[in-house]
Amino acid sequence: CGIFGAIGVADASNFVALGLHALQHRGQEAGGIVTHDPEHGFNSAHRFGYVRDNFTKPDVMSTLPGPLAIGHVRYSTAGTKANTAIRDVQPFFGEFHMGGCAIAHNGNITNASALRRELIERGSIFQSSSDSECIIHLMARSIQRNIPERMKDALRRVEGAFSVIAMTRTKLIGVRDALGVRPLVVGRVGEDGYVLASETCALDIIGADFLREVEPGEMVVISKGKIESSRPFGPSTGRFCIFEHVYFSRPDSIIGGRSVYETRRQIGVELAREAPVEADLVCPVPDSGTPAAIGYAQESGIPYGMGIIRNQYMGRTFIEPSEQIRNMGVRLKLNVNRALIAGKRVVLVDDSVVRGTTSRKIKDMILDAGAAEVHFRIASPPTAWPCFYGVDTPDRDKLLAANMTPDQMRDWIGVDSLSFVSLDGLYRAVGEATGRNSACPQYCDACFSGDYPVAPFDQLERGFRM
Ligand code: 5GP
Ligand code: SF4
Ligand code: MG
């Protein structure tokens, strides 16, 4: 999901709408904005579909006045997937005796089922199927006297991954879990405006200056032009999601001081060193494979070309929740550039293989177009484990790499060769010169390694084996 908040600006909802538009790649199912204004109190709008189709309309935006606003774009990872209800769309809102509070959450709470059970037993009435709603109910049960303290109480009971943006009548609040699995940054805009955003690309769109990242385990409370920082969860070292670098974030964002584009290009360089092949053409599977394909071509000296053309009017296929739509999605989105491909030995570079659906269809299309050979190069290690921290990977039985060796995968996809970047190669590409520190890994890489930095409590209860 993508989250954005703004304080101290006229018509904060316009900033939030723009910020969410820049974060649309993080969630395309639905979006919501909550605002506050001394005259009109809290107001909100929640809609299915793209930001640009909803939060540009005067009849929606005129209902969202005020200098303080937060928003969310949704990509369902928990709860009922095929049929997201509008009541599952964030931000969520709670009214406490010290005033209202809205929250927007990116990540996944790994003990949400257990918490929900406990809260319902004690009288909470849930409105949605979302794991994030637990936070509001835990806040309601806290005995603290102000909302930031109640949030701390609530989040200390929550396990898993969370970056949260919240607002009261006067404050904008940002928090990251102790490991800082999901991103969150602070920016400055105008005279005394501040913004919080999932990624820096959302600062660029509104002309905000990047100030810094919210640190793992940090809470920032912004009001009256000042930022207060605290560390509610004690000392910790971060384990940022390495897959944000591979796929999830936008290539024009800066994470941990590094350009995501440059990291992806570097993964391609590592791949070319680890898995060279004789070929005539390097093609990306657009858009997610593009920077790595550029790196592969540069390092190998094989010409780069656009052998697959992407229809710009389609979203991210993977993020369409139903299997059927996803299957159709590949052809709706991608087509082969026959004139370029015919007769050539082609290296295809993509960011990841999950179910293998995309790779298999693309291979068919490329061979139909007359390619002489097809070699797949993948800019991440085999995805053999599900993510429980906010990226929608399927169960293990649907993950190709959990059920096949790389050779079996090559034969199942039907290509001449298939190679994945190594885990150490990926770490080098994100700037860790000596690779992965196995005693104390610098990132979360559980979907590749099975090394889960937070035990997935609910999943273990359901019989998942680590
Ligand atoms: P597959 O077809 O193998 O199931 O999916 C792989 C494709 O899905 C890749 O092209 C990748 O760009 C895309 N993708 C989109 N979202 C995700 C995601 O959340 N996780 C992973 N691993 N791949 C994703
Ligand atoms: Fe990111 Fe993978 Fe960890 Fe999920 S399991 S947070 S996708 S690195
Ligand atoms: Mg892709």
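Just so you know, the residues in each chain are numbered from 1, in the order the chain's sequence is written. The order in which chains are written sets their letters, starting at A; the order in which ligands are written sets their numbers, starting at 1. With pLDDT at 70 or above as the cut-off, local features in this predicted model cover only qualifying residues; side-chain atom pairs require 80 or more to be listed or tallied, and sums for whole chains, interfaces and linings still use all residues.

(A) Structural detail: the nonpolar core. The term nonpolar core refers to a group of buried residues, namely Ala, Val, Leu, Ile, Met, Phe, Trp, Tyr and Cys, whose C-beta atoms join them within 7 Å. Three exposure classes are used, all based on how many other C-beta atoms lie within 10 Å of a residue's own C-beta (placed from the backbone): buried at 20 or more, exposed at 12 or fewer, and partly exposed between those limits. The biggest cluster of nonpolar side chains holds 138 residues, and the ones touching the most others in it are Phe4, Val16, Ile135, Leu348 and Ile366. Numbering of helices and strands runs from the N terminus; a helix is a DSSP stretch of H or I covering at least four residues, while a strand is a stretch of E covering at least two. The dominant element in this core, judged by the number of residues it contributes, is helix H1 (residues 12-22), at seven residues. Three or more residues apiece are contributed to this core by two domains, here domain 1 (2-238) and domain 2 (260-452). Residues within four places of Phe4 in sequence aside, it is in contact with Val16, Gly19, Leu20, Leu23, Ile70, Gly71, Val195, Leu196, Ala197 and Ala202. As annotated, the domain borders come from an automatic or database domain assignment. Contact between two residues is assigned when their C-beta atoms, built from the backbone, lie within 7 Å.

(B) Spatial organisation of the environment of Phe42. Residue position: Phe42 is located in strand S3 (residues 41-48). Assessed through the 19 C-beta atoms surrounding it within 10 Å, Phe42 is described here as partly exposed. Separated by 417 residues in sequence, Phe42 and Gln459 have C-alpha atoms that sit 36 Å apart.

(C) Geometry of the UniProt feature "binding site: [4Fe-4S] cluster" (unreviewed entry) in the chain. UniProt positions are given in the numbering used here, feature names are shortened, and annotations may be inferred rather than shown by experiment. Mapped onto this numbering, the UniProt entry annotates "binding site: [4Fe-4S] cluster" (unreviewed entry) at Cys241, Cys387, Cys444 and Cys447. Taken together, the annotated residues stretch across 207 residues yet fold into one region, lying no more than 10.1 Å apart by C-alpha. Its place among the elements puts Cys241 in strand S14 (residues 240-241). A tally of 26 C-beta atoms within 10 Å means that Cys241 is categorised as buried. Beyond its immediate chain neighbours, meaning those up to four positions away, Cys241 contacts Val181, Arg182, Tyr389 and Cys444. Position of Cys447 relative to the elements: it lies in helix H17 (residues 446-449).

(D) Region of the structure containing the packing of helix H9 (residues 260-274) against helix H10 (residues 290-300). Here an axis means a line fitted to C-alpha atoms, over the contact stretch when the element is a helix, while the angle between two N-to-C directions is reported on a 0 to 180 degree scale. Taken N-terminus to C-terminus, the directions of H9 and H10 make an angle of 45°; their axes are 6 Å apart at the nearest point. As judged from the angle between their axes, H9 and H10 are oblique. Relative to H10, H9 is oriented so that their crossing is right-handed. Contacts between H9 and H10 pair Tyr261, Arg264, Arg265, Gln266, Ile267, Gly268, Val269, Leu271, Ala272 and Arg273 from the former with Pro291, Ala292, Ala293, Ile294, Gly295, Tyr296, Gln298, Glu299 and Ser300 from the latter. Roughly parallel means an angle under 35 degrees; roughly antiparallel, over 145; roughly perpendicular, 65 to 115; everything else is oblique. Note on convention: near helix rotated counterclockwise from far helix by under a right angle means a left-handed crossing. Clockwise means right-handed.

(E) Inspection of the site of ligand 2 at higher detail. As a rule, any residue with its backbone-derived C-beta atom within 6 Å of a molecule or strand is reported as near that molecule or strand. Inspection of the region around ligand 2 gives Val181, Cys241, Ile242, Phe243, Cys387, Tyr389, Val391, Cys444, Asp445, Ala446 and Cys447 as its neighbouring residues. When contributions to the shell around ligand 2 are tallied by element, the ones reaching two or more residues are helix H8 (242-248) and H17. For the shell around ligand 2, the per-class residue count stands at ten nonpolar, no polar and one charged. Asp, Glu, Lys and Arg are counted as charged, while Ala, Val, Leu, Ile, Met, Phe, Trp, Tyr, Cys and Pro are counted as nonpolar; the rest, among them Gly, fall into the polar class.

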